[in-house]
Amino acid sequence: MQARGPLMIEHRLIERMIAVIRAALERVQRTNEIDPLFVDVAVDFLHTYADRTHHGKEEDIMFRELKKKNLSDADRRIMNELIEEHEFGRKTTKDLMETNASYRKGNAAVLGTITECLRAFVEFYPRHIEKEDKVFFPAARAYVTEEEDQAMLVEFYEFDRKMIHEKYTLVVQSLER
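## Comments concerning the pattern of salt bridges
Right, so step 1: This model, assessed by the stated rule, comprises 23 salt bridges.
Right, so step 2: In this structure, R12 engages D133 in a salt bridge whose closest nitrogen and oxygen atoms are separated by 2.7 Å. Of this pair, R12 sits in helix 1 (residues 4–31) while D133 sits in helix 4 (residues 111–141), placing them 121 residues apart in sequence.
Right, so step 3: R12 gets classed as partly exposed once you look at its relative accessible area, which sits at 35%.
Right, so step 4: For E155, the salt bridge identified is with R64, shortest N-O distance 2.8 Å. With E155 in helix 5 (residues 146–176) and R64 in helix 2 (residues 36–66), the pair connects residues that are 91 residues apart, well separated along the chain.

So, in structure tokens, the structure goes:
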């Protein structure tokens, strides 16, 4: 398997979550309310899986290695766009989390902001994933040797192995406060 393989597999799960979010938005249109627990689960998925785990491997491993290469101007521009898009995802996830906390406390006026955040993900991720799967990942493969690609793959697996421990250490620390 090439290093981009696990990233593309992760994209399929993110796409499935986006479909769930899309369905939740349709329910909001019918009912004019949203389950704050669903939003908590969406935030956890977007933060832990999509950002920390998935984008973490891209930025901390793949992009780190590609920054050492003589990328074409176009490929470097796309990589920088992807990093900016990841930042957009982080900011939107933070906004969603904060707004959901307000909604949970009875502030129904923020429902529109919650749906805006969720809609932003529904619009953002399909384009972002397509840019990575069909444009950047194939182009990036040309810059690394087979050995470098396999080394990134090994590092991806090690990164994933550590993620679960990091997540639940933070959960316990949060509960201890």
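And the narrative resumes.
## Here's the deal with the layout of surface pockets
Right, so step 1: In this model, the largest pocket occupies a volume close to 580 Å³.
Right, so step 2: In this structure, the largest pocket is lined by 21 residues; those nearest its centre are V43, D44, H47, T48 and M97.
Right, so step 3: For the lining of the largest pocket, the secondary structure elements donating two or more residues are helix 2, helix 3 (73–104) and helix 5.
Right, so step 4: Class assignment of the residues belonging to the lining of the largest pocket gives a composition of six nonpolar, five polar and 10 charged.

## Considering empty space enclosed by the protein
Right, so step 1: Applying the stated criterion across every chain yields a total of one cavity of 30 Å³ or more.
Right, so step 2: What lines the largest cavity is simply R4, M62, L66, F137, A140, R141, V144, D149 and M152.
Right, so step 3: Within the residue set of the lining of the largest cavity, elements represented by two or more residues are helix 2, helix 4 and helix 5.
Right, so step 4: In terms of residue count, helix 4 provides more of the lining of the largest cavity than any other element does, three residues in total.
Right, so step 5: Here the lining of the largest cavity is composed, by residue class, of six nonpolar, no polar and three charged.

## Some details on a nonpolar patch on the surface
Right, so step 1: There is a patch of nonpolar side chains on the surface, built from I164, Y168, V171 and L175 and spanning about 410 Å² of accessible area.
Right, so step 2: Secondary-structure assignment places V171 in helix 5.
Right, so step 3: Overall, the relative accessible area of 32% leaves V171 in the partly exposed class.

Basis of the calculations
Residues numbered from 1 in each chain as written. Predicted model: local features only at pLDDT ≥ 70, side-chain atom pairs only at ≥ 80, totals over all residues. Heavy atoms only, no water. Salt bridge = Lys/Arg side-chain N within 4 Å of Asp/Glu carboxyl O. Helix = DSSP H or I, 4+ residues; strand = E, 2+ residues; numbered from the N terminus. Buried < 20%, exposed > 50% of the residue type's maximum accessible area, 1.4 Å probe, protein only. 1 Å grid on protein atoms, 1.4 Å probe; cavity = no way out; pocket = protein on both sides within 12 Å on 5 of 7 lines; lining within 4 Å. Points joined across faces, edges and corners; volume = space filled by probe spheres on them. Nonpolar A, V, L, I, M, F, W, Y, C, P; charged D, E, K, R; others polar. Patch = residues over 30% accessible without salt bridge, like charges linked within 9 Å, V, L, I, M, F, W, Y side chains within 5 Å. Areas by Shrake-Rupley, 256 points an atom, 1.4 Å probe, with all protein chains shown as cover.

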